[in-house]
Amino acid sequence: MTYNFNAGPATIPATVMERARGEFIDYANCGYGIIEASHRSAEFEEIIARAEGNVRELTGIGDDFAVLFLQGGASTQFAMIPMNFLPPDRTAAYVDTGLWSGKAVKEARKIGHVAVVAGTADADYDHIPELPAGTVATDAAYLHITTNNTICGTQYQAVPEVPDCVPLFADMSSDILSRPLPFESFDLVYAGAQKNLGPSGVTLVIVCRDLAESGAANLPSMLDYRTHIKGDSLYNTPPTFAIYMMALVTDWICEQGGLSAVAEVNRRKAADIYGCIDHDGFYRGRARTDSRSAMNVCFNLPTAAQEAAFVEAAAASGLIGLKGHRSVGGIRASIYNGMPPAGVNALVDFMQEFRRSQG
Ligand code: PMP
């Protein structure tokens, strides 16, 4: 048995993989596979409508929000957001909680004025900063946050308070649909699918329709949210197979009982690994306890040599993808929705055994 702890692309629920295999060659007795189907076919129309319906059911958003399936990854959203919503005479507020928020800032600076209103670079990104009242100017074009920081293993435990007049945008690439959130508090949410929602190749965007309408004029069509809203994500050929997989994964989340149910499982999985880390100081958690991520559990061993030995021995036991991001090193266990509790149990057993072996 192999358990895949990679940060993304990542584990997809086993039942989803089996269903996709069953339907691969001949989808719903139509005589061909969905990977071959036209994006204008009745079969694909049903699939994209199902994926959208599932996202709407799980998030509870109303019709005032559009659900889009785009390409270019979260990295394209880093640029598309300021292109649409950062006019030359305004300033956008960003919170810097790690490498990915830093990349979002870098792209926005190419378009307009940016203020990094809070950040934790000085603390090696080991926590999520407080945003006391007054942190975000009431005339900010928007506030951008990264709800889960994939590399340093930190996560917002609650949605920050923002002045009502400032739109709130979130990169949820590594924790989308992993827990209930008041999604209507956000004006725009985006996430590459390859962690919690399926394979790489499709980016989910949830955007307030009125906000999208207010975007800059004369943008290239593909980089204008209005194009994709008007075209129901079919302005050009969408990543059909990735959207099909997202429909299956979101079906699976609904079958589990929705976001509260998956959040409870995710919380227990994370608690089991953090419990092992907190045991006696052999493992050291990277994030401050008040900011720990339930998705990416990052920790260190006493020495880099022990970390390398850990990664190698774990892989030999079928626990793969545990090496931390190259920018920070250490160990990272990514335990998104698709990671079964049995995988986490196997990891915890391995961690205990490894600790014993190191005397
Ligand atoms: N934001 C976060 C929080 C991420 O973890 C990642 C990818 N690991 C990205 C953005 C970049 O996503 P993509 O590769 O889809 O452009």
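Owing to the predicted nature of the structure, the values given are computational and were not obtained by experimental measurement.

**Student:** Honestly, the overall build of the protein in this entry has me stumped. Any pointers?
**Tutor:** Counting secondary structure elements, the protein contains 10 helices and 14 strands. The C-alpha atoms of the protein give 21 Å as radius of gyration, which agrees with the globular expectation for 359 residues (21 Å, within 12%). Principal-axis analysis of the C-alpha atoms places the extent of the protein at approximately 65 × 60 × 30 Å. The proportion of buried residues among the 359 residues of the protein is 55%. Of all intrachain contacts in the protein linking residues separated by at least 6 positions in sequence, the fraction that spans at least 24 positions is 68%. By element, 51% of the accessible surface of the protein is carried by carbon and sulfur atoms, the whole surface being about 15,200 Å². With 27 positive and 40 negative side-chain charges, the protein shows a spacing of 6 Å between the two charge centroids.

**Student:** When you look at the domain arrangement of the protein in this model, what are you seeing that I'm missing?
**Tutor:** A common way to express how large an interface is: the accessible area buried when the components associate. What the domain assignment lists for the protein is domain 1 (15-256) and domain 2 (257-357). Between the C-alpha centres of domain 1 and domain 2 there is a distance of 26 Å. Of the residues lining the interface, 31 residues belong to domain 1; the matching set on domain 2 comes to 26 residues. Summed over both partners, the interface of domain 1 with domain 2 comes to about 2,200 Å²; 55% of that surface belongs to carbon and sulfur atoms. Run the count over domain 1 and domain 2 and you get zero salt bridges. Across the contact surface, domain 1 and domain 2 share 17 residue pairs in polar contact (both at pLDDT 80 or more). Elements supplying a minimum of two residues to the side of domain 1 that touches domain 2: strand S6 (148-149), strand S7 (154-155) and helix H7 (240-256). Tallying contributions element by element places H7 first for the side of domain 1 that touches domain 2, with five residues.

**Student:** Would you explain the nonpolar core in this entry?
**Tutor:** Across soluble globular proteins, you tend to see nonpolar side chains buried next to one another. Counting residues in each nonpolar core, the largest one holds 83 residues, and the members touching the most others are Tyr142, Leu143 and Leu188. Among the elements that line this core, the one with the most residues is H7, at 10 residues. Dropping the residues within four chain positions of it, Leu188 is found in contact with Ile81, Phe85, Leu168, Phe169, Ala170, Val205, Ile206, Val207, Leu211 and Tyr225. Counting residues in hydrophobic clusters, the runner-up holds 27 residues, among them Val297, Leu319, Leu347 and Val348.

Analysis parameters
- Residues numbered from 1 in each chain as written.
- Predicted model: local features only at pLDDT ≥ 70, side-chain atom pairs only at ≥ 80, totals over all residues.
- Heavy atoms only, no water.
- Helix = DSSP H or I, 4+ residues; strand = E, 2+ residues; numbered from the N terminus.
- Rg over C-alpha atoms; globule rule 2.2 N^0.38 Å.
- Buried < 20%, exposed > 50% of the residue type's maximum accessible area, 1.4 Å probe, protein only.
- Contact = heavy atoms within 4.5 Å.
- Areas by Shrake-Rupley, 256 points an atom, 1.4 Å probe, with all protein chains shown as cover.
- Lys, Arg positive; Asp, Glu negative; His and termini not counted.
- Charge placed at Lys NZ, Arg CZ, Asp CG, Glu CD.
- Domains from an automatic or database assignment.
- Buried area = accessible area lost by both parts, 1.4 Å probe.
- Salt bridge = Lys/Arg side-chain N within 4 Å of Asp/Glu carboxyl O.
- Polar contact = N/O pair within 3.5 Å; in protein donor to acceptor, adjacent residues only side chain to side chain.
- Core = buried A, V, L, I, M, F, W, Y, C linked by side-chain atoms within 4.5 Å.

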